[in-house]
Structures are given as structure tokens and as C-alpha cells.
Amino acid sequence: MHDKIAKSIEKSRIFRLTKNITSYIIKLTSPPGLCRHPCGATRTLGGVLFIRGMIMADKEFKSIEDQISILESRGLQIPDRSVAADFLLRNNYYRVSGYSLTLRNHDVFTQNANFQNIIDIYEFDHNLRHILLKYIELIEVTVKSVYSYEFTKVYGATGQYAAVNFTDAVIHADIMQKAEIQKNTRLQHEAYLKHFVNELQQDIPLWAFVDLLTISNVSFLYKISQPAIKLAVAYSLGLTTRG
């Protein structure tokens with residue numbers, strides 16, 4: 001079954017496109033005179049990107065007024081240039097242009113498209129992302145708390161270190177390695193890590209250890225946990241078995 005899925009993905013247009021993109025060799029340029037591209041273009045200190053023989057020159061600086069003029073030349077209506085100028089200055093032309101994709105065909109804006117449309121799309125995206133992040137964070141904190149509670153109730157405060165408490169030693173080792181990297185990276189800046197590692201010099205209990213893990217890491221720990229742990233976590237989260 002897995003082989004069939006893998007073959008299906010490999011044949012997909014997206015997968016093939018990704019392989020082609022990643023196969024491109026993009027080289028930043030060297031100072032003048034050190035090297036010439038096969039097509040004859042001299043590399044410059046400022047930089048020219050070479051992608052399979054294609055030459056992409058550096059973009060020139062454009063003032064806010066220039067940016068507004070470009071948008072107008074492409075058919076975008078801008079009733080209030082001062083509003084547009086302030087928005088572009090605070091949010092970056094390149095970033096803002098991504099929010100205009102549904103309003104244009106390549107570089108030509110649809111009829112009656114105006115700058116306020118872009119602002120509305122941008123603000124909708126901003127608000128939606130913050131709503132989602134709020135609840136994603138709540139879910140992450142809850143799942144980590146419930147999992148650590150149910151797990152340590154059975155295996156003790158530091159039972160997560162023992163591979164024997166899980167059903168897959170390879171996945172367990174990978175998660176422990178990722179947590180160790182996080183611990184070493186954050187040790188100097190996190191008070192709770194200093195407390196356990198430097199002061200107490202002991203293993204970190206799971207209820208604190210989960211802070212080193214992403215929600216993805218925790219989901220994999222859950223996946224390789226014993227069935228009784230899985231059921232306890234599911235029940236605590238209000239889930240029930242089928243049938």
C-alpha cells in the first residue's frame with residue numbers, strides 16, 4: 001500500500017516540478033574578472049544569478065512613488081496615493097504584491113481592482129492567521145499537558161527517556177535527539193533548563209521536557225506510546241473509541 005502511494009506521489013506534477021526546481025544550480029557571483037559564465041556573461045560583485053544558462057540581473061531600487069507608479073501602470077486603481085505609500089512603506093512592496101495575485105493576470109490587474117482590495121485581503125489574512133495561531137497554541141499546550149500527565153502517571157517523571165516504554169525505538173531515538181539539540185541551544189536562556197541541568201543536574205521531567213518538543217514531536221511520541229497511554233490521553237481530550 002505504501003509503495004503504491006509513493007509511486008503515485010512520484011508521478012504527480014507537483015513532485016516532478018519540485019525535483020526540477022531543486023535540481024537548479026544557483027550560484028552567487030564572484031568579483032569581476034574571476035569567472036565568466038559559459039554564455040559569456042561576466043559575474044559581477046553586485047550579483048547575477050545563473051539558473052541553467054538563464055541570467056537574472058539584480059533588481060534596481062524603486063522608491064515608494066516608483067512602486068505606486070508601477071502598480072498604476074499595470075491597471076491598479078489607487079484613489080489615495082498617501083494611503084498606498086504608507087501601506088507599502090510599512091509592509092514591503094514584495095510582500096504586498098503576493099496579496100494581489102487574485103486581482104491580476106500575471107502583471108495586469110482586473111478591471112476595477114483597487115489598492116483597497118489589496119489592503120482588505122492583507123488584513124483578512126493577518127486576522128485569520130492570528131485567530132488560528134491563538135487556538136493552535138491552546139491545542140498544543142493542552143495536548144502536551146495531557147500527554148505528560150497521563151504518561152508520567154504510569155511511567156514516572158522521566159519515563160520518556162526509556163525506549164522500552166515505547167513501541168518504536170528508532171522514532172523514540174530521533175525525538176530524543178531533537179529534544180537534546182533544543183536543550184543545548186536554549187540552555188543559556190531558559191531558567192527552567194538551567195534549574196534541572198545545571199543546578200539539580202538531573203533528567204528533565206516530562207511535564208517540563210515537552211517544552212522542548214514541537215506538537216509534531218509530541219504526536220509521534222503519542223503514536224509510539226503503549227495503547228493504554230493512547231486511550232488515557234484520548235479520553236482526557238474528550239475523544240471516545242469507535243463502535
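Quantities reported herein were computed from a predicted structural model and do not represent experimental measurements.

Rules and cut-offs
Residues numbered from 1 in each chain as written. Predicted model: local features only at pLDDT ≥ 70, side-chain atom pairs only at ≥ 80, totals over all residues. Heavy atoms only, no water. Salt bridge = Lys/Arg side-chain N within 4 Å of Asp/Glu carboxyl O. Helix = DSSP H or I, 4+ residues; strand = E, 2+ residues; numbered from the N terminus. Buried < 20%, exposed > 50% of the residue type's maximum accessible area, 1.4 Å probe, protein only. pLDDT = per-residue confidence, 0-100. Contact = heavy atoms within 4.5 Å. Phe/Tyr/Trp six-rings, centres within 6.5 Å; stacked < 30°, edge-to-face > 60°. 1 Å grid on protein atoms, 1.4 Å probe; cavity = no way out; pocket = protein on both sides within 12 Å on 5 of 7 lines; lining within 4 Å. Points joined across faces, edges and corners; volume = space filled by probe spheres on them. Nonpolar A, V, L, I, M, F, W, Y, C, P; charged D, E, K, R; others polar.

Caption draft 1: Focus on the pattern of salt bridges. Per the stated rule, a full pass over the model turns up 12 salt bridges. Note that Arg90 and Asp86 form a salt bridge whose closest N and O atoms lie 2.8 Å from each other. A residue pair is termed a helical-turn pair when its members lie 3 or 4 positions apart in one helix, as Arg90 and Asp86 do in helix H4 (residues 81-91) at four residues. With relative accessibility at 55%, the residue Arg90 sits in the exposed group. You can call Asp86 partly exposed: its relative accessible area is 39%. A salt bridge links Asp211 to Arg186; the nearest nitrogen and oxygen atoms lie 2.7 Å apart.

Caption draft 2: Region of the structure containing the confidence of the model for the protein chain. On average, residues of the protein chain score 83 in pLDDT, and 76% of them reach the 70 mark or higher. A low-confidence stretch, residues 1-53 stays under pLDDT 50, and its non-local contacts, those more than four residues away or across chains, total 52 contacts.

Caption draft 3: Local environment of unusual backbone geometry. Even without a glycine there, the phi angle at Asn92 is positive, about 80 degrees. The backbone of Gln201 shows a phi angle near 50 degrees, a positive value even though the residue is not glycine. Inspection of the secondary structure puts Gln201 in the loop between helix H8 (191-199) and helix H9 (206-209).

Caption draft 4: Spotlight on the packing of aromatic side chains. If you walk through the whole model with that rule in mind, you get seven aromatic pairs. With a centroid separation of 5.8 Å and an interplanar angle of 85 degrees, the aromatic rings of Phe87 and Phe115 are classed as edge-to-face. Note that Phe87 is positioned in helix H4 and Phe115 in helix H6 (residues 115-155), a separation of 28 residues in sequence. For the pair shown, Phe87 and Phe115 are each scored as buried. An aromatic cluster is built from Phe87, Tyr99, Phe115 and Tyr122, whose rings are joined through pairwise contacts.

Caption draft 5: View of the layout of surface pockets. Of the pockets and cavities examined, the largest pocket occupies roughly 500 Å³. What lines the largest pocket is a set of 15 residues, and nearest its centre among them are Lys59, Ile70, Arg74, Tyr93 and Tyr94. Mapped by element, the contributors of at least two residues to the lining of the largest pocket are helix H3 (64-73) and helix H5 (93-97). For the lining of the largest pocket, a count of residues per class yields five nonpolar, three polar and seven charged.

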